Amino acid sequence: MSQATLRIQKISGHAGSVPGEDTQRESQVCKLVDTTTCIGCKACEVACMEWNDLPFGETVFDNSYQTMPETRWNYWNLILFNEHVREDGSLMWLMRKNQCMHCAEPGCLEACPADGAIVQYSNGIVDFQQDHCIGCGYCITGCPFDIPKLNPKTKRVHKCTLCTDRVSEGLEPACIKSCPTGCLHFGTKEDMKYLAEHRAKQLKDHSGYVNAGVYDPPGVGGTGVIYVLHDATKPELYGGLPKNPSIPLSVKLWKQPMKWIGNILIIGGIVGTFVHYLRYGPKIVPEDSAKGDS
Amino acid sequence: MGPFIMNPEGVGRLFAPLGAFAEGPFPEHYEPTESPIENPLHPGQSRNPVVKRFKTPDDQYASPKDGYDIICTTYRLTEHYHYWTKNNPMNVQLVPEPFVEISEELAQEKGIRGGDKVKVSSIRGTYIAKAMVTKRIKQMIVDGKKTHQIGIPIHWGFRGIAEDDGKTALTLTNQLSPAVVDPNAYTPEFKGFLVKVEKA
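Residues numbered from 1 in each chain as written. Chains lettered and ligands numbered in written order. Predicted model: local features only at pLDDT ≥ 70, side-chain atom pairs only at ≥ 80, totals over all residues. Heavy atoms only, no water.

### Things to note about the side chain of Asp216 of chain A
All names here are of chain A.
Then comes step 1: Locating Asp216 in the fold gives a position in the loop between β9 (213-215) and β10 (225-229).
Then comes step 2: A polar side-chain atom of Asp216 sits 3.2 Å from a polar atom in the side chain of Lys189.
Then comes step 3: A distance of 2.9 Å separates the side chain of Asp216 from the backbone nitrogen of Thr223, its partner in a polar contact.
Then comes step 4: Setting aside anything within four residues of it in sequence, one finds Asp216 in contact with Lys189, Lys193, Gly222, Thr223 and Ile226. (Helix = DSSP H or I, 4+ residues; strand = E, 2+ residues; numbered from the N terminus. Polar contact = N/O pair within 3.5 Å; in protein donor to acceptor, adjacent residues only side chain to side chain. Contact = heavy atoms within 4.5 Å.)

Below, the structure written as structure tokens:
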């Protein structure tokens, strides 16, 4: 019987320390994207398609190095290319790997009405279960990053899984494995946050990026994908990364108060009808009106 | 005594092995065979005198006086490998079609918008592809004159996914570039030659 997932904490008749005793296990996983060292080679895009066995799609030349304008149901990982002219006239070619952010408070999950179609694992990965998806597309409305995409043929919504099949076996996601510049990192949320802050400080102190910082928006409870940006005060420059993303108000209202108000109104209507029946009895059609019709 | 204490004369030495360079003992800057300017260091001998050239009727060279006044450079993309990967659907999905990178200034001058078909011609041949108007290439001032540069990724040809779908004009970058070879390293001069650009 395999006991690979069980850890020993006490051993009988054993002198010395117990290997692995008191190991702290931080379960929250996180992807760190350092936009300052991305060279836009698209290796992560290829790795994503290859590992997840996604079919090839048609693309057209669009006056840009970007593979396609936005992610598709069968293209989960897309580097966004943006040419940005700074105030001093110098040019920055900003590249940001765009994919599901795996929010701690996911708007998609909040908006989803289908039981079990979206789950959040204890390690923070937000995963779509296409078997339970009803194709309503409410997750698309609920996502502040515009990530989930509907397959119009099967009416199922797909997005980045953070390679759950790899991560559950202790491997890094496919995109991380393919990155040639070390711009992508994977580990615990704690470690990645430390690494990101360290890199942002380095950029501030030594590279002249005074506004360098980490993108881990609190509006969605922090994310499972965090960015190091040259200018954290203007995340919009990186292909419309929202400054303060949050779950849309309509989704919040609909899932919280409106749901209860609706339920009360439905039950109230039934109870009211019943009370009316008890008080006034059934409706009696006057006989003369029935004659008038014939 | 000078700072170079290991040399009897106390100063540094330049080492130039006799016969290692085809054009003389020391490296020297020469303009490319097709250049918009004369060599500012020595206009009397602007080009490399011992450069190797092919001598067929197709090997002709132009100057700005003939109307070829835009510098063209060629390069490869990270998404493709030479002419092989234009047959691989994954690479073709990443970069589907051939293109020519031009500056915003040149695009404005010629009335070209991103995605328009452009015809690039040198005295040796023509190349037709869509224009990518970008801020990354800038108009330059060379020897006091406004000079434009364009860039062409080399990866397309006669056969491939885009070619077989009829999406390309089946023109070759190598039809534009000169068959001029450096006498030392035998590197061809495909990084700098003269063309003109017009809307196709």
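Text resumes after the structure shown.
### Things to note about helix α1 (residues 43-51) of chain A
Then comes step 1: For α1 of chain A, the complete set of buried residues consists of Cys44, Glu45, Ala47, Cys48 and Met49 of chain A.
Then comes step 2: Those residues of α1 of chain A hidden inside the fold are in contact with β2 (78-85), β3 (91-98), α5 (174-178) and β8 (184-188) of chain A together with α1 (89-94) of chain B.
Then comes step 3: A positive phi of about 55° marks Asp53 of chain A, the residue just after α1 of chain A. (Buried < 20%, exposed > 50% of the residue type's maximum accessible area, 1.4 Å probe, protein only.)

### A word on the nonpolar core
Then comes step 1: In this structure, Phe145 and Tyr227 of chain A together with Phe99 of chain B are the most contacted members of the largest nonpolar core, which totals 48 residues.
Then comes step 2: If you list the elements that add at least two residues to this core, you get β1 (29-34), α1, β2, β3, α5 and β10 of chain A together with α1 of chain B.
Then comes step 3: At four residues, β2 of chain A tops the list of elements feeding residues into this core.
Then comes step 4: Beyond its immediate chain neighbours, meaning those up to four positions away, Tyr227 of chain A contacts Val33, Thr35, Arg96, Lys97, Asn98, Gln99, Met101, Gly213, Val214, Tyr215 and Leu241 of chain A.
Then comes step 5: Val100, Leu106, Val118 and Phe193 of chain B belong to the second largest nonpolar core, which has 19 residues in total. (Core = buried A, V, L, I, M, F, W, Y, C linked by side-chain atoms within 4.5 Å.)

### What to know about the interface of chain A and chain B
Interfaces are frequently sized by the accessible area removed from exposure as the parts join.
Then comes step 1: Contact residues are listed per partner, giving 24 residues for chain A and 25 residues for chain B.
Then comes step 2: Across the chain A to chain B interface the summed buried area is about 2,000 Å²; carbon plus sulfur atoms make up 60%.
Then comes step 3: With its nearest N and O atoms 3.0 Å apart, the salt bridge here joins Glu83 of chain A to Arg136 of chain B.
Then comes step 4: At the surface where chain A touches chain B, the tally comes to 11 residue pairs in polar contact (both at pLDDT 80 or more).
Then comes step 5: Mapped onto the side of chain A that touches chain B, the elements with two or more residues apiece are α1, β2 and β3 of chain A.
Then comes step 6: At four residues, α1 of chain A tops the list of elements feeding residues into the side of chain A that touches chain B.
Then comes step 7: Considering only residue class, the side of chain A that touches chain B consists of 12 nonpolar, six polar and six charged. (Buried area = accessible area lost by both parts, 1.4 Å probe. Salt bridge = Lys/Arg side-chain N within 4 Å of Asp/Glu carboxyl O. Nonpolar A, V, L, I, M, F, W, Y, C, P; charged D, E, K, R; others polar.)

### Structural notes on the pattern of salt bridges
Then comes step 1: Within the structure shown, the criterion is met by 15 salt bridges over all chains.
Then comes step 2: Its salt-bridge partner being Lys234 of chain A, residue Asp231 of chain A comes within 3.9 Å of it at the nearest N-O pair.
Then comes step 3: A relative accessible area of 16% places Asp231 of chain A in the buried class.
Then comes step 4: For Glu104 of chain B, the salt bridge goes to Lys135 of chain B, with nearest N and O atoms at 3.9 Å. With a gap of 31 residues between them, Glu104 of chain B in helix α2 (residues 104-110) and Lys135 of chain B in the loop between β5 (126-134) and β6 (140-142) connect regions that are remote in the sequence.
Then comes step 5: Residue Glu104 of chain B is classed as partly exposed on the basis of its relative accessible area of 38%.
Then comes step 6: Salt bridges sharing partners connect three or more residues here, namely Glu83 of chain A together with Glu101 and Arg136 of chain B.

### What to know about the state of the cysteines
By definition, a disulfide is the covalent link that joins the sulfur atoms of two cysteine residues.
Residue and element names in this part refer to chain A.
Then comes step 1: According to the stated counting rule, one finds zero disulfides over all chains in the structure shown.
Then comes step 2: There is no disulfide at Cys163, and the cysteine sulfur nearest it, in Cys175, is 6.3 Å away.
Then comes step 3: By relative accessible area, which is 6% here, Cys163 ends up buried. (Disulfide = S-S within 2.5 Å.)

### Things to note about the pairing of β5 of chain B
Residues and elements named next belong to chain B.
Then comes step 1: Two elements, strand β3 (residues 99-103) and β5, share five bridges in a ladder whose sense is parallel. Within β5, the position partnered with Ser103 by the bridge is Thr134.
Then comes step 2: Between the end of strand β4 (residues 117-121) and the start of β5, which pair antiparallel, lie four residues. (Pairing = 2+ DSSP bridges.)

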